[in-house]
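# Fold and contact review
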Amino acid sequence: MSGRLLPVRRTGRSAQAGIVGMTGRQDDEDADALLRIALAAASEAGRLLASWRGDERPEVVETKSSPTDVVTEMDRRSEALITSRIRAHRPGDAVLGEEGGQTAGDPAGSEGDGAKPGRVRWIVDPLDGTVNYLYGLFDWAVSIAAEVDGTVVAGVVEVPRHGETFTAVAGQGSWLHRGEARVALHCTSGVRLGQALVGTGFGYDSGRRRVQGEVMAALLPYVRDIRRGGSAAVDLCSVAAGRLDAFFERGLNYWDFAAGGLIAREAGAAVGGLDGKTESTSMAVAAGPGLYQQLDTFLTKLNPERDAQRSQERDG
Ligand code: 2AM
Ligand code: CA
């Protein structure tokens, strides 16, 4: 798949921005090569995950393991597959994954691919949108980003149930691949907050949710509507594709937004935190630049980066 879709050639805006301009340390071929590895791994992992359709549910209930265990198992298998594919090409790279944490590469094994040992780190979410996956909803994804010297230079979000693959290389724009077809992505622009369709998500902790509910109640009368998709990686790609005007979420992990953040940014979105901060596990926001400003101002006033007390009934 990756061989047919790539290489993505630089033209127009991309040629001026270029990855050299973005990082000053890396040339195009390296980021393209990293993207190709990510694409192949994400595609394979997507097929693996799609092969479980929830049919095992009655069985797992009978054997006293829960569907959640099956999902956790698929999660692990997906990450193991991705890590092994990355290591096969680039044994010297570090990999940060949701399941396995950070694993260092073998320093002796990383020659011949351009980047020196230690410069490349892969950020892997083997299954983003776990609850959707468990319930048979379609918004779940495999997300893989490649960093060079701490900067994300390539990202893939594979969304198997929609047959869609989102990609970006820093300075080269972002793309939606569907079968053999490929289209350049552009976020919406010039949308006022009052007309904006805004995606968001909620944490698992009840105290955090309490505040997120307050923020929703305050924001809802001032926007077109709210969507809660269930996969931050997919939501960020939706901003890139103009399917959402904006997205924000508190409490994401780096692997939830590393690839999707690049894809949104390369589609013209501003991606960051609130009040001048960069995107982080505390808060990640993405929208066309004007709307970003408006949302930033609105949300900052609500002090959304706080948590309330947890509820005993829910969290135990
Ligand atoms: P996951 O499906 O891999 O858990 C849902 O709001 C989005 O937030 C998903 O992308 C989900 O990823 C992510 N997420 C990650 N950690 C989370 C957490 N502690 N609480 C809520 N959502 C989390
Ligand atoms: Ca995730």
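Everything quoted here is computed from the prediction, not taken from an experiment.

## Examining the site of ligand 1
- Around ligand 1, 16 residues are found, and the nearest of them are Thr-130, Gly-201, Gly-203, Tyr-204 and Ala-232.
- Partitioning the shell around ligand 1 into residue classes produces 4 nonpolar, 8 polar and 4 charged.
- Shared between two domains, the shell around ligand 1 holds at least three residues of each, these being domain 1 (2-184) and domain 2 (193-312).

## Examining the confidence of the model for the chain
- Averaged over all residues, the pLDDT of the chain equals 86, while 81% of them reach at least 70.
- The low-confidence segment residues 1-29 (pLDDT under 50) makes 50 contacts with residues lying over four places distant or belonging to another chain.
- Predicted confidence is poor over residues 58-62, with pLDDT under 50, and the contacts of this stretch with residues over four places away or in other chains come to 5 contacts.

## Some words on unusual backbone geometry
- In this model, Asp-149 sits at a positive phi of 50°, which is unusual for a non-glycine residue.
- Mapped onto the secondary structure, Asp-149 falls in the loop between strand 4 (141-148) and strand 5 (151-159).
- Residue classification places Asp-149 among the partly exposed residues on the basis of 15 C-beta atoms within 10 Å.
- Although it is not a glycine, Asn-303 adopts a positive phi angle of roughly 45°.
- Position of Asn-303 relative to the elements: it lies in the loop between helix 10 (289-301) and helix 11 (312-315).
- Residue Asn-303 is classed as exposed on the basis of its C-beta count, with 11 C-beta atoms lying within 10 Å.

## Let's talk about the sheet that holds strand 11 (residues 246-249)
- Strands sit in the order 10-9-11-13-12 across an open sheet of 5 strands; the sheet is mixed. The sheet terminates laterally at strand 10 (225-227) and strand 12 (270-272), the two strands that pair on one side only. Averaged over all neighbouring strand pairs, the angle between strand axes comes to 15°, with direction disregarded.
- Of the strands in this sheet, strand 9 (197-200), strand 11 and strand 13 (284-287) are in contact with helix 8 (residues 232-240), which crosses strand 11 at around 155°.
- Running at roughly 145° to strand 13, helix 10 makes contact with strand 11, strand 12 and strand 13 of the sheet.

## Considering the sheet that holds strand 2 (residues 101-103)
- As summarised here, the arrangement of the 8 strands in space is 2-1-3-4-5-6-7-8, forming an open sheet in which the pairing is mixed. Only two strands of the sheet have a single neighbouring strand rather than two, namely strand 2 and strand 8 (181-184). For this sheet the average axis-to-axis angle between neighbouring strands, irrespective of direction, equals 15°.
- Judged from the 4 bridges that link them, strand 1 (residues 94-97) and strand 3 (residues 120-128) form a sheet pairing that is parallel. Bridging from a neighbouring strand, Leu-96 pairs with Ile-123 of strand 3.
- Here helix 8 sits on the sheet in contact with strand 3, strand 4, strand 5, strand 6 (164-169) and strand 7 (174-178), set at roughly 100° to strand 5.
- Along the sheet face, helix 9 (residues 254-266) touches strand 1, strand 3, strand 4, strand 5, strand 6 and strand 7 and points at about 100° away from the line of strand 5.

Criteria and cut-off values
- All residue numbers here refer to positions counted from 1 along the written sequence of the relevant chain.
- Lettering for chains starts from A, numbering for ligands starts from 1, and both go in the order in which the items are written.
- For this predicted model, a pLDDT threshold of at least 70 governs which residues receive local features, and a threshold of 80 or more governs which side-chain atom pairs are given and counted, while totals over whole chains, interfaces and linings are taken from all residues.
- Only the C-beta atom matters for this test: placed from the backbone, it must lie within 6 Å of a molecule or strand for the residue to be near it.
- Residue polarity is assigned by list, with Asp, Glu, Lys and Arg as charged and Ala, Val, Leu, Ile, Met, Phe, Trp, Tyr, Cys and Pro as nonpolar; anything else, Gly included, falls into the polar class.
- An automatic or database domain assignment supplies the start and end points of every domain.
- A score from 0 to 100, pLDDT tells how confident the predictor is in each residue.
- Placing C-beta atoms from the backbone, we regard two residues as in contact once those atoms come within 7 Å.
- By the criteria applied, helices consist of DSSP H or I runs no shorter than four residues and strands consist of E runs no shorter than two, each listed in order from the N terminus.
- Here exposure depends only on C-beta density: within 10 Å of a residue's C-beta, 20 or more other C-beta atoms make it buried, 12 or fewer make it exposed, and intermediate numbers make it partly exposed, the C-beta atoms being placed from the backbone.
- Note: two strands are recorded as paired if DSSP finds a minimum of 2 bridges between them.
- For every element, the axis is a line fit to its C-alpha atoms; helices are fit only across the contacting stretch, and the angle between N-to-C directions ranges from 0 to 180 degrees.

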